[in-house]
Amino acid sequence: MSPDERPRPEVLDEAVAEQQAAERASRLVAERQREGFRGDIHRLAQIVSTEGEGRLLPLLISRGERRSATNAVERLLMPSWMWRAGIGVGTADVLLERLDTPWHTDLPVDETAQVWALHLRGGLDSFARVAWCLRFGYTTAAVAIARKAFERWSFNIASSMELEVLDNESEDAFYTRVWQASGNYVDERELGAEWGLLSELLHSRTAELAGRHIALSLDMQLVDRTRIHRFVALFAEVWLRQVRGAVIRLALENNKLSDDEAQMAWLPVNAIKGLPAPPEFLFVFWEPLLHGFVTSEDAERYLGWGATYRRMVATRATRALDLGIASNWMSIEERWARSIEVSQRSFQREQEALGDEFSPFSVRVRVSRYRLICEMADLLADSMGQSHQGDAMRAAAAALESAWVMWLQDIDDSLTLARSVLESTARARTHRRKPLRALKLENGPQAHKTPTRWVDEAGWGRLSPFMRALNEYSHMQGRSRHRESWSLLVKVQELEPSAAAQHTARGHALERVAVMLAHEVIASLTPEWESLSKEFSDLVLLEGNEAESERDFERWLNVTLGLKATHSFDPPDYP
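Residues numbered from 1 in each chain as written. Predicted model: local features only at pLDDT ≥ 70, side-chain atom pairs only at ≥ 80, totals over all residues. Heavy atoms only, no water.

Peer 1: How would you summarise the overall build of the protein chain if you had to cite specific residues and measurements?
Peer 2: Counting its regular elements, the protein chain contains 23 helices and 2 strands. A compact globule built from 575 residues would reach a C-alpha radius of gyration of about 25 Å, and the protein chain, at 24 Å, matches this within 12%. Along the first, second and third principal axes, the C-alpha atoms of the protein chain reach 75 × 60 × 55 Å. When burial is assessed residue by residue, the protein chain has 57% of its 575 residues classed as buried. Of the accessible surface of the protein chain, which amounts to about 24,800 Å², a share of 50% is contributed by carbon and sulfur atoms. The centroid of the 69 positive side-chain charges in the protein chain is displaced by 3 Å from the centroid of its 84 negative side-chain charges. (Helix = DSSP H or I, 4+ residues; strand = E, 2+ residues; numbered from the N terminus. Rg over C-alpha atoms; globule rule 2.2 N^0.38 Å. Buried < 20%, exposed > 50% of the residue type's maximum accessible area, 1.4 Å probe, protein only. Areas by Shrake-Rupley, 256 points an atom, 1.4 Å probe, with all protein chains shown as cover. Lys, Arg positive; Asp, Glu negative; His and termini not counted. Charge placed at Lys NZ, Arg CZ, Asp CG, Glu CD.)

Peer 1: Describe in detail the side chain of serine 480, supporting the description with residues and values.
Peer 2: Structurally, serine 480 can be placed in the loop between helix 19 (464-473) and helix 20 (482-491). Residue classification places serine 480 among the buried positions, given a relative accessible area of 2%. Within the local environment of serine 480, its side chain forms a polar contact with the backbone nitrogen of glutamine 477, the two atoms lying 2.7 Å apart. Leave out the neighbours within four places in its chain, and serine 480 touches Glu472, His475, Pro572 and Asp573. (Polar contact = N/O pair within 3.5 Å; in protein donor to acceptor, adjacent residues only side chain to side chain. Contact = heavy atoms within 4.5 Å.)

Peer 1: Quick rundown of the state of the cysteines? Include the residues and the values.
Peer 2: This model, assessed by the stated rule, comprises 0 disulfides. For cysteine 133, which is in no disulfide, the shortest distance to another cysteine sulfur is to cysteine 374 and amounts to 14 Å. (Disulfide = S-S within 2.5 Å.)

Peer 1: Describe the nonpolar core, and please don't skip the residues or the numbers.
Peer 2: Val130, Trp239, Phe285, Trp336, Leu422, Phe466 and Phe536 are the most contacted members of the largest nonpolar core, which totals 186 residues. Top element by residues in this core is helix 9 (residues 222-253). It accounts for 15 residues. If we skip the residues at most four places from it in the chain, phenylalanine 536 touches Leu56, Leu372, Ile373, Met376, Ala518, Val521 and Ile522. (Core = buried A, V, L, I, M, F, W, Y, C linked by side-chain atoms within 4.5 Å.)

Peer 1: Run through the environment of alanine 399, naming residues and quoting values.
Peer 2: In this fold, alanine 399 is placed in helix 15 (residues 388-408). Sequence spacing of alanine 399 and serine 424 is 25 residues, and the spatial spacing of their C-alpha atoms is 8.7 Å. With residues near it in sequence (within four places) discarded, alanine 399 still touches Thr140, Leu417, Ser420 and Val421.

Peer 1: If you had to explain the pattern of salt bridges to someone new, which residues and values would you point to?
Peer 2: Think of it this way: side chains of opposite charge can pair up when their charged atoms draw near. Under the defined criterion, the tally for this structure stands at 47 salt bridges. Between aspartate 391 and arginine 394 there is a salt bridge; the shortest N-O distance is 3.1 Å. One end of the pair is aspartate 391 and the other is arginine 394, both in helix 15 and 3 residues apart, which spans about a single turn. On the basis of relative accessible area, arginine 394 is assigned to the buried category, the value being 11%. A salt bridge links lysine 534 to aspartate 538; the shortest N-O distance between them is 3.1 Å. You can see lysine 534 and its partner aspartate 538 sitting in helix 22 (residues 530-540), 4 residues apart, about one turn around the helix. (Salt bridge = Lys/Arg side-chain N within 4 Å of Asp/Glu carboxyl O.)

Peer 1: Can you lay out helix 13 (residues 327-354) for me, pointing to particular residues and giving the numbers?
Peer 2: A turn of α-helix holds 3.6 residues, and therefore any two residues three or four places apart point the same way. Taking 1.5 Å of rise per residue, the 28 residues of helix 13 would be expected to cover 40 Å, and the 40 Å separating its terminal C-alpha atoms lies within 8% of that figure. In terms of residue burial, helix 13 counts as a mostly covered element, since 21 of its 28 residues are buried. Note on helix 13: the residue one or two positions beyond its end, glycine 355, has a positive phi of about 65°. (Expected span 1.5 Å × (residues − 1).)

Peer 1: Requested: an account of the packing of aromatic side chains, with residues and values cited.
Peer 2: The full count for this structure, using the stated rule, is 25 aromatic pairs. Considering the side-chain rings of phenylalanine 281 and tryptophan 305, the 5.1 Å spacing of their centres and the 70° angle between planes classify their relative orientation as edge-to-face. One end of the pair, phenylalanine 281, is in the loop between helix 10 (259-265) and helix 11 (291-294); the other, tryptophan 305, is in helix 12 (residues 297-316), and 24 residues separate them in sequence. Residue phenylalanine 281 shares its accessibility class with tryptophan 305, and that shared class is buried. Put simply, the rings of Trp83, Trp132, Phe136, Tyr138, Phe281, Phe285, Phe293, Tyr302, Trp305, Trp329 and Trp336 touch in pairs and so form one group of aromatic residues. Sitting above the plane of the tryptophan 103 ring, arginine 121 keeps its charged end 3.9 Å from the centroid. For arginine 152, the ring lying beneath its charged end belongs to tryptophan 153, and the centroid distance is 4.0 Å. (Phe/Tyr/Trp six-rings, centres within 6.5 Å; stacked < 30°, edge-to-face > 60°. Lys NZ or Arg CZ within 6 Å of the ring centre and 35° of its normal.)

Peer 1: Tell me about unusual backbone geometry, residues and numbers included.
Peer 2: Here aspartate 570 and proline 571 are connected by a cis peptide whose omega angle stands at 0°. Although it is not a glycine, aspartate 100 adopts a positive phi angle of roughly 60°. Within the secondary structure, aspartate 100 is located in the loop between helix 4 (80-98) and helix 5 (115-135). Under the relative-accessibility criterion, aspartate 100 is labelled exposed at 59%.

Peer 1: Describe the environment of arginine 335, listing the residues and the values that go with them.
Peer 2: Counting through the fold element by element, arginine 335 comes out in helix 13. Judged by relative accessible area, which is 6%, arginine 335 ranks as buried. Apart from the residues lying within four places of it in its own chain, the contact partners of arginine 335 are Val89, Asp93, Trp103, Arg121, Leu124, Asp125, Ala128 and Tyr309.

Peer 1: Quick rundown of the confidence of the model for the protein chain? Include the residues and the values.
Peer 2: The predicted model of the protein chain averages 91 in pLDDT, with 96% of residues at 70 or higher. For the protein chain, per-element mean pLDDT is lowest for helix 1 (residues 9-35), which scores 72, and highest for helix 16 (residues 413-433), which scores 98. Contacts for the low-pLDDT stretch residues 1-9, under 50 throughout, to residues beyond four places or in other chains number 3 contacts. (pLDDT = per-residue confidence, 0-100.)

Here it is in structure tokens:
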């Protein structure tokens, strides 16, 4: 081997660091898999009654951590299609580098000329976020993000081509027509129907996929989860084409791309062959972005991996365009690493806003409460068997887990998932309180089974402004009203929101729907689990008891109702 062919010392150092990080993560994963609770709710109640108070918290937390650890080492969760599509992300990164586009979309930018390029960067980031959710088993989040991004880039096509919804045209038919007119090689795919299938899943209903009837839950069979993941991967890659195309057009308009290079940049994913397999160490990104993790030495090391990719992109941007060795997985990895950096800044902003009230420990405690609610709801759902009430409770648990994980990433998609938690909780509550009315609604037209209808039937009609805001954030369309929905979420925290309310709106929405699910779990626990119910209540209800928590909820319902007459959601964001 000649001196020029020998690996540089820094490359060897990075390889050693990757191996060490993988070994540390492997030990933690193995520990959580080994120690996690595996029983049903009857076994849980037996242990708690035998061993006394204090056992419920570690048992339920260990159940969730065991599942997360199992997903971390299950490579089948990540469809190879996502890695292949990463080549297109890497190529777009090179073009955005030539356009001097910032990487960090969460930081302010002075130049208005950069706004569109930053939107495109955000589209690439959304694809990588879907990939993270798929790889680590947050299926509900992957479905929600992929569906909303599809709407956003469908709106981009419709706006640029001046396509509007026709009289009596359904939403799914409109989407199919838009994409068939786009020239994005969709052939005869009914993309509107694919969008509709993801919508059914998000509304906690069963969808037929590859001959199997599947619904979202925390403990889906691997065969069902991988089928959904492949479906989501193929769906997400379609709207990625629109993002890639927009990057290419922007580069051409600014003379940053030759016609010959454009041919390579347009290369379809299914034409890309012989890519290197992504390395096994990527599973180290499995941990949610809690303060302890994002400020750890390992997290700092992962940030270095992202910086390495960005340096490689800067070098590639000065040369003739190529596909880039290993950019299929490194382009995805960079986003996973950058999300840690975004979370660090989010914690810093929250600390500045809250001052002495900021407490990383309180965030950890809060997440532990959400984990308890998720796991107890899921265990309770299993005891209900294959029933509408059980299905709703199961879907609420899965949505809440995805919601708090996305909340830690400081993104609006957590609000989409909060809507799913609220809808499924209201559905379960309606089945418990009005079983005949709920059954009639289940058997009625699909158009009647809206989130708002379930919330009304559950007796929570006063929540209509809050529900409207979450509904708005669940979609990205020309008529969307995100600005004024955000304003509502700020106001609804209190009649006179504090100065920190802008920083806590997402968290407040999440807290409210989580507590609503907790109350439904408590109400659904049978008398034989009375001791289980009491300890669960003490752990998850901040007011100390259920009666006081219910009074706080009533007060908040009235605050929310009061905004119905005073708050306007107009004008739309894109008039």
